[in-house]
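# Remarks on the overall topology
These are the residues of each chain, in order.
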Amino acid sequence: MLFRSMAKSTNAMPMRRAVVSVQLDVQQGRIEDARATVDAMLESEVAPATASRLAVLVGQVQNDRDLVEAHQDRAANVLVLPDDPILRALGGKAVHVLADLQRCLLWSESLPPRQALQRMRPILKRRPGSPTVRMMVADQLRKLKQFEEAKKVLDVVYEDDPPDHEYWSVDALVHLELSRQDDPGLRERARDSIERAIRINPTLAYGWQIKAFVHEADEQWAFAADAYRKAAELATRPEDAESWNRSADECAGKAAAP
């Protein structure tokens with residue numbers, strides 16, 4: 001490994017290359033390689049602030065909260081690298097789409113929607129044709145109740161018919177909300193989108209939950225009850241199954257009412 005021989009070297013070049021290699025490995029999706037280099041840097045205790053900053057970077061991508069928390073206090077705020085033609089050439093490498101998706105997923109799970117959205121926007125600009133990036137951006141907008149903006153983000157790739165059940169699930173939720181805001185014509189898109197999501201992944205518990213939401217909006221109580229029960233069957237958490245079975249019972253009661 002580049003860094004293992006670097007630790008004993010008095011030449012600064014291997015250190016600079018190691019620092020950039022970690023960042024490029026992360027950008028291009030070679031996360032395990034980046035982690036191995038960082039682990040070696042931490043073991044050798046060379047440039048501790050820099051090693052800690054890289055550890056935070058890798059920990060964020062791997063969603064390793066223990067690694068992040070262990071090094072965030074010591075992490076350098078900025079990695080300052082000497083000007084070097086090799087490093088300039090490396091710095092121009094394209095960012096790998098997998099790393100971008102991992103960043104967006106991490107932000108969506110760990111940050112408030114407004115902060116996550118702010119960080120995702122540059123990636124959306126870099127990946128305008130990615131249904132998955134658009135789905136995650138639209139989901140943050142949905143959480144912020146910016147449904148019209150979420151629709152605009154989703155519409156860009158709608159005609160591409162992306163094979164991504166999460167895209168169609170978010171599309172269904174956004175259009176269901178818009179249909180409740182004096183635009184009932186959009187309910188049909190919500191119906192169609194959740195059907196697409198379930199066709200792609202019929203074992204998707206929250207897909208059946210969203211389908212139940214649509215049936216409830218249509219006051220099709222028996223269908224809503226069936227969808228909730230299917231969601232409960234597929235639930236991975238007992239508390240979700242219990243909640244959805246309660247909702248199914250409520251809908252069944254409404255269906256049986258005179």
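Residues numbered from 1 in each chain as written. Predicted model: local features only at pLDDT ≥ 70, side-chain atom pairs only at ≥ 80, totals over all residues. Heavy atoms only, no water.

Moving on, we get to the overall build of the protein. Broken down by element type, the protein carries 15 helices and 0 strands. By residue count, 44% of the 258 residues in the protein fall in the buried class. Look at the contacts in the protein between residues 6 or more apart in sequence, and 55% of them connect residues 24 or more apart. Summed over all atoms, the accessible surface of the protein reaches about 13,800 Å², with 50% contributed by carbon and sulfur. (Helix = DSSP H or I, 4+ residues; strand = E, 2+ residues; numbered from the N terminus. Buried < 20%, exposed > 50% of the residue type's maximum accessible area, 1.4 Å probe, protein only. Contact = heavy atoms within 4.5 Å. Areas by Shrake-Rupley, 256 points an atom, 1.4 Å probe, with all protein chains shown as cover.)

Let us look at the packing of aromatic side chains. What the rule picks out here adds up to 3 aromatic pairs. An angle of 75 degrees between the planes, with centres 6.4 Å apart, marks the rings of Phe213 and Tyr228 as edge-to-face. Taken together, the residues span a long stretch of sequence, with Phe213 in helix α13 (residues 205-217) and Tyr228 in helix α14 (residues 221-234) at a distance of 15 residues. Take Phe213: its relative accessible area is 25%, and that puts it in the partly exposed class. Take Tyr228: its relative accessible area is 4%, and that puts it in the buried class. Chaining the aromatic ring pairs together yields one cluster made of Tyr158, Tyr167 and Trp168. Of note, Arg189 hangs over the ring of Tyr158, and the distance from its end group to the ring centre comes to 3.8 Å. One Lys or Arg, Lys254, reaches over the ring of Trp221 and ends 4.4 Å from the middle of that ring. (Phe/Tyr/Trp six-rings, centres within 6.5 Å; stacked < 30°, edge-to-face > 60°. Lys NZ or Arg CZ within 6 Å of the ring centre and 35° of its normal.)

Taken as a whole, the protein shows an average pLDDT of 83; of its residues, 83% reach a score of 70 or greater. Within the protein, the lowest mean pLDDT, 42, falls on helix α1 (residues 2-6), and the highest, 97, falls on helix α10 (residues 147-155). Segment residues 90-94 is flagged for pLDDT under 50; beyond a separation of four residues in sequence, or across chains, it makes 5 contacts in the model. (pLDDT = per-residue confidence, 0-100.)

Under the defined criterion, the tally for this structure stands at 23 salt bridges. The partner of Arg189 in a salt bridge is Asp171, with the nearest N and O atoms 2.7 Å apart. Of this pair, Arg189 sits in helix α12 (residues 187-200) while Asp171 sits in helix α11 (residues 165-180), and the two are 18 residues apart along the sequence. Overall, the relative accessible area of 15% leaves Arg189 in the buried class. A residue is classified by how much of its surface remains accessible, and Asp171, at 0% relative accessible area, is buried. Connected through shared salt-bridge partners, Asp100, Arg103, Arg126 and Arg127 make up one network. (Salt bridge = Lys/Arg side-chain N within 4 Å of Asp/Glu carboxyl O.)

Now for the environment of Gly253. If you trace the backbone, Gly253 turns up in helix α15 (residues 238-256). Under the relative-accessibility criterion, Gly253 is labelled partly exposed at 39%. Separated by 28 residues in the primary sequence, Gly253 and Ala225 place their C-alpha atoms 9.1 Å from one another.

In this section: the nonpolar core. Core analysis: the largest hydrophobic core is formed by 45 residues, its most contacted members being Met120, Val137 and Tyr167. Ranked by residue count, the leading element in this core is α11, at 7 residues. Setting aside its immediate chain neighbours within four residues, Val137 contacts Leu117, Met120, Leu124 and Val153. By size, the runner-up hydrophobic cluster in this structure holds 14 residues, among which are Met41, Ala51, Val58 and Val61. (Core = buried A, V, L, I, M, F, W, Y, C linked by side-chain atoms within 4.5 Å.)

Phi is positive for Lys145, close to 65 degrees, though the residue is something other than glycine. Here Lys145 falls in the exposed class, since its relative accessible area comes to 64%. Positive phi values are uncommon outside glycine, yet Glu219 reaches one of about 60 degrees. Mapped onto the fold, Glu219 is located in the loop between α13 and α14. A residue is classified by how much of its surface remains accessible, and Glu219, at 58% relative accessible area, is exposed.

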